[in-house]
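Chain by chain, the residues:
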Amino acid sequence: MALRRVVVTGLGAITPLGSTVADYWEGLRQGVSGADIITRFDASKFKTRFACEVKGYSPDTYFDRKEGRKMDLFTQFAVIASDEAIRDAGLEGNVDKDRVGVIWGSGIGGLRTFQEECIAFAKGDGTPRFNPFFIPKMIADSASGNISIKNGFRGPNFITTSACASSSDSIVAALNYIRAGMADVVVTGGSEAAITEAGIGGFNAIKAMSERNDDPQSASRPYDKDRDGFVLGEGAGALILEAYEHAVARGAKIYAEVLGGGLSSDAYHITAPDPTGEGVVLVMQNALRDAGIGPEAVDYINTHGTSTPLGDGAEVKAIQKVFGDYAYKLNISSTKSMTGHLLGGAGGIEAVASVLAIQHGIIPPTINHVTDDPELDAGLNFTFNKAQTREVNVAVSNTFGFGGHNTSVVFGKLRD
Amino acid sequence: MSEIAEKVKSIIVDKLGVEPSEVTPEASFTNDLGADSLDTVELIMEFEKEFNVSIPDDQAENIGTVGQAISYLEEHAK
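Sequence order sets the numbering: in each chain, residues are counted from 1 along the sequence as written. Chain A is the first chain written and ligand 1 is the first ligand written, with later ones labelled in order. pLDDT decides what is reported in this predicted model: residues at 70 or higher carry local features, side-chain atom pairs at 80 or more are listed and counted, and totals for whole chains, interfaces and linings draw on all residues regardless. To get the side-chain values, all heavy atoms of the structure are used, and hydrogens and water are removed first.

Enquirer: Account for the overall build of chain B, with residues named and values stated.
Expert: By definition, any uninterrupted DSSP run of H or I lasting at least four residues is a helix, any uninterrupted run of E lasting at least two residues is a strand, and each is numbered from the N terminus. Looking only at helices and strands, chain B has four helices and zero strands in total. In sequence order, chain B lays out its α and β elements as α-α-α-α. Its C-alpha atoms give chain B a radius of gyration of 11 Å, near enough to 12 Å, the size a compact globule of 78 residues would have. Dimensions of chain B, computed from C-alpha atoms along their principal axes, come out at roughly 30 × 25 × 20 Å. A 1.4 Å probe rolled over the protein chains alone gives each residue an accessible area, and that area as a share of the maximum for its type sets the label: buried under 20%, exposed over 50%, partly exposed in between. A burial count over chain B gives 44% of its 78 residues as buried. When checking whether two residues touch, look at their non-hydrogen atoms; a contact exists if any pair is within 4.5 Å. The long-range share in chain B, meaning contacts at least 24 apart out of those at least 6 apart in sequence, stands at 53%. Total accessible area on chain B stands at roughly 4,200 Å², and carbon and sulfur atoms take up 46% of it. His is not counted here, nor are the chain ends, while Lys and Arg score as positive and Asp and Glu score as negative. Where a charge lies is defined by one atom per residue type: Lys uses NZ, Arg uses CZ, Asp uses CG and Glu uses CD. The averaged location of the 18 negative side-chain charges in chain B is 8 Å from the averaged location of its 5 positive side-chain charges. Both definitions apply: the radius of gyration is a C-alpha atom measure, and the globule rule equals 2.2 Å times residues to the power 0.38. Residue-level accessible areas treat just the shown protein chains as cover; the underlying method is Shrake-Rupley with a 1.4 Å probe.

Enquirer: Describe helix 13 (residues 346–360) of chain A, with residues and values.
Expert: Residues and elements named next belong to chain A. Here a helix's expected span is defined as the number of its residues, less one, multiplied by 1.5 Å. For helix 13, with 15 residues, the first-to-last C-alpha span of 21 Å sits near the 21 Å given by 1.5 Å per residue. In terms of burial, helix 13 is largely enclosed, as 13 of its 15 residues are buried. G361, located one to two residues past helix 13, shows a positive phi value of around 65 degrees.

Enquirer: Talk me through the sheet that holds strand 4 (residues 100–105) of chain A; I want residue IDs and the actual numbers.
Expert: Residues and elements named next belong to chain A. Pairing is mixed across the open sheet formed by ten strands, whose spatial order is 5-4-6-7-1-8-14-13-9-10. Each edge of the sheet is formed by a strand with only one pairing partner; in this case those strands are strand 5 (157–160) and strand 10 (331–333). Pairwise comparison of adjacent strand axes, ignoring direction, gives a mean angle of 25 degrees for this sheet. Only strands that DSSP links by at least two bridges are regarded as paired with each other. Relative to strand 14 (residues 405–412), strand 8 (residues 256–265) runs antiparallel, the two sharing eight bridges. Across the sheet, residue E257 finds its bridge partner in strand 14, namely G412. Lines fitted to the C-alpha atoms define the axes, with helices restricted to the stretch that makes contact. Angles between their N-to-C directions range from 0 to 180 degrees.

Enquirer: Mind laying out the interface of chain B and chain A, listing which residues take part and the relevant values?
Expert: Each partner contributes residues to the interface: chain B has 14 residues there, and chain A has ten residues. Take the accessible area each of two parts loses on contact, using a 1.4 Å probe, and add the two losses: that sum is the buried area. Together, B:L38, B:E42 and B:M45 form the three largest contributors to the area buried by chain B at its contact with chain A, with a combined 46%. Take a side-chain nitrogen of Lys or Arg and a carboxyl oxygen of Asp or Glu: if they are within 4 Å of each other, that pair is a salt bridge. Applying the counting rule to chain B against chain A returns five salt bridges. Two residues, A:K66 and B:D39, come together in a salt bridge whose shortest N-O distance is 3.8 Å. For this analysis, a polar contact is any N or O atom pair within 3.5 Å, provided that within protein one partner can donate a hydrogen and the other can accept it, and provided that sequence-adjacent residues contribute only side-chain to side-chain pairs. Across the chain B-chain A interface, the total number found is six residue pairs in polar contact (both at pLDDT 80 or more). Any residue outside Ala, Val, Leu, Ile, Met, Phe, Trp, Tyr, Cys, Pro, Asp, Glu, Lys and Arg is labelled polar, Gly included; the first ten of those are nonpolar and the last four are charged. Taken together, the residues of the side of chain B that touches chain A sort by class into six nonpolar, two polar and six charged.

Enquirer: Quick rundown of the pattern of salt bridges? Include the residues and the values.
Expert: Residues and elements named next belong to chain A. Here the structure, examined in full by the defined rule, presents 28 salt bridges over all chains. A salt bridge links E26 to R29; its shortest N-O distance comes to 3.2 Å. With E26 and R29 both in helix 1 (residues 21–30) and three residues apart, the pair spans about one turn of that helix. Given the relative accessible area of 34%, E26 is considered partly exposed. Of the residues examined, R29 reaches a relative accessible area of 33% and is grouped as partly exposed. Among the salt bridges present, the one from E242 reaches R250, with a minimum N-O distance of 2.6 Å.

Enquirer: Explain the domain arrangement of chain A residue by residue, including any values.
Expert: How big an interface is tends to be stated in terms of accessible area lost as the parts join. Residues and elements named next belong to chain A. Per the domain assignment, the segments of chain A are domain 1 (7–249) and domain 2 (261–412). In this entry, domain limits derive from an automatic or database-based domain assignment. For domain 1 and domain 2, the distance between their C-alpha centres works out to 21 Å. On the side of domain 2, 64 residues touch domain 1, which itself brings 64 residues to the contact. Taken together, the connections running from domain 1 to domain 2 amount to three salt bridges. Where D290 meets R179, a salt bridge forms, and the shortest distance between an N and an O atom there is 3.0 Å.

Enquirer: Now, about the packing of helix 4 (residues 111–123) of chain A against helix 8 (residues 197–206) of chain A: what can you tell me, with residues and values included?
Expert: Residues and elements named next belong to chain A. The contact between helix 4 and helix 8 brings their axes to 8 Å, and the two run at 100 degrees. Looking at the two axes, helix 4 sits roughly perpendicular to helix 8. In this structure, helix 4 contributes L111, R112 and Q115 to the contact, and helix 8 contributes E197, A198 and G199. Any angle from 65 to 115 degrees is called roughly perpendicular, while one under 35 is roughly parallel, one over 145 is roughly antiparallel, and all others are oblique.

Enquirer: Which residues make up the packing of aromatic side chains, and what values do they have?
Expert: To describe a pair of aromatic rings, you give the distance between the ring centres and the angle between the ring planes. Residues and elements named next belong to chain A. Classification of ring pairs uses Phe, Tyr and Trp, with its six-membered ring standing for Trp, and accepts pairs whose centres are within 6.5 Å; under 30 degrees between planes counts as stacked, over 60 as edge-to-face, and the remaining range as tilted. This model, assessed by the stated rule, comprises twelve aromatic pairs over all chains. With centroids separated by 6.4 Å and ring planes inclined at 55 degrees, the aromatic side chains of Y62 and F63 adopt a geometry described as tilted. Using a relative accessible area of 34% as the deciding quantity, one classes Y62 as partly exposed. Each ring, one from F114 and one from F134, has its centre 6.1 Å from the other, and the planes form 45 degrees; the classification is tilted. On the criterion of sequence distance, the pair formed by F114 in helix 4 and F134 in helix 5 (residues 134–138) is long-range, its members being 20 residues apart. Residue classification places F114 among the partly exposed positions, given a relative accessible area of 40%.

Enquirer: An account of the state of the cysteines is needed here, citing residue identities and associated values.
Expert: Whenever a pair of cysteine sulfur atoms sits within 2.5 Å, that pair is classed as a disulfide. Counted by the stated rule, this structure contains zero disulfides over all chains. For the unlinked cysteine A:C52, the closest cysteine sulfur is that of A:C164, found at 14 Å.

Enquirer: Provide a residue-level description of helix 4 (residues 66–76) of chain B, including the pertinent values.
Expert: Of the residues making up helix 4 of chain B, those classed as buried are B:V66, B:A69, B:I70, B:Y72 and B:L73. Looking straight down helix 4 of chain B, one finds that the buried residues subtend no more than 165 degrees of arc, so they occupy a single side. Working definition: the arc comes from the directions between the helix axis and the C-beta atoms, pointing outward to the latter.

Set out below in structure tokens:
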């Protein structure tokens, strides 16, 4: 049986740059930083006191109080972004809901819920008084569960967890489930909401996060010589993936085709990237092979590029190995310079950015570039500081996660 | 209405997101006020916390309406 073609028919996003796809894209195009002082808790004693929060967020804007109270923030973001994508794709009333799945990604799940319940227990006299919503709010799959319950989607439903590669893995899983005929439509993407005491403190302990507290907006600076770690972000990105024939039959608008996905593992260290970049070479090769295209078909790579000293260099080295001299003709950019790092939500919002780059013919920039890193080839086009115009036929979205998980997704302009 | 009844009512309004006018003594948490099994557990826990009582599971099973909650708590609250 030939594999079915898969296309993107809907997009949704709630991000530090804006709470809709339109606002998110405007922020990316203009090169806006989403970083600022942390407001979700008092971070005055933390090494890092800033993050990329979703601005002006109130659950009451989106949920009635009873409904919102039963969802951790990462699930609220998941429902908000997927609602936008579902509306955008015009799914309501137009599809067989038994054939619609939800495959979501989250690296952590309900961290704030977990933290609050444990603190409440620790403050008591040892008598357990755990809230009945503790477990259903905390578990990472509550995101995909809530999306399906709200919409009545009865197809395949699960979550992928592979740290910062989680929502690229969910997109690849969605692609393959549709290709194989196990669903016609899948709501996919990912979300995270880890800007809590435990999240900031935990990442500070790994020494992975920027401590540029005197200038938060310029802290996420992938490929800059003075980068000092990632900036934590939060939010969600959602995509509706759909069998091509199914989308055509119902007259859906088609943003792009999902040409393929690649997976690999570093098999090296639980947090440090393999400095040789071999796992990252492998993942891009796997993705291109799965997409059935050569390196020279690619116009744009939305990199993992988290702004850590080690990771950025390893990824660039791998790109040069896979693409050879053609690497100089690529546009490369890390939108994490603007959004911060959404961990398990990164693949979702970056897939949305990659699809929009194809749709608009605009490459969003890598902002905050001041000083070239002598370790990185200056001949490469990192799309520093300003968006660039370019027809994008093929875009690759890379994400890599603690544990050594590597995932690349290949999106292409729809061809007949 | 007793002080206890007022407190019970406000807890129910808060947790179940219903209108105060719906919270009549006869109203059933599950049939009339939209509570599911988890909501009911949470309500009992809130009553325990607010009124400083411990409601055993076998007695909690018999608290299904607003009126039943009020009379149980009027009898047992410290």
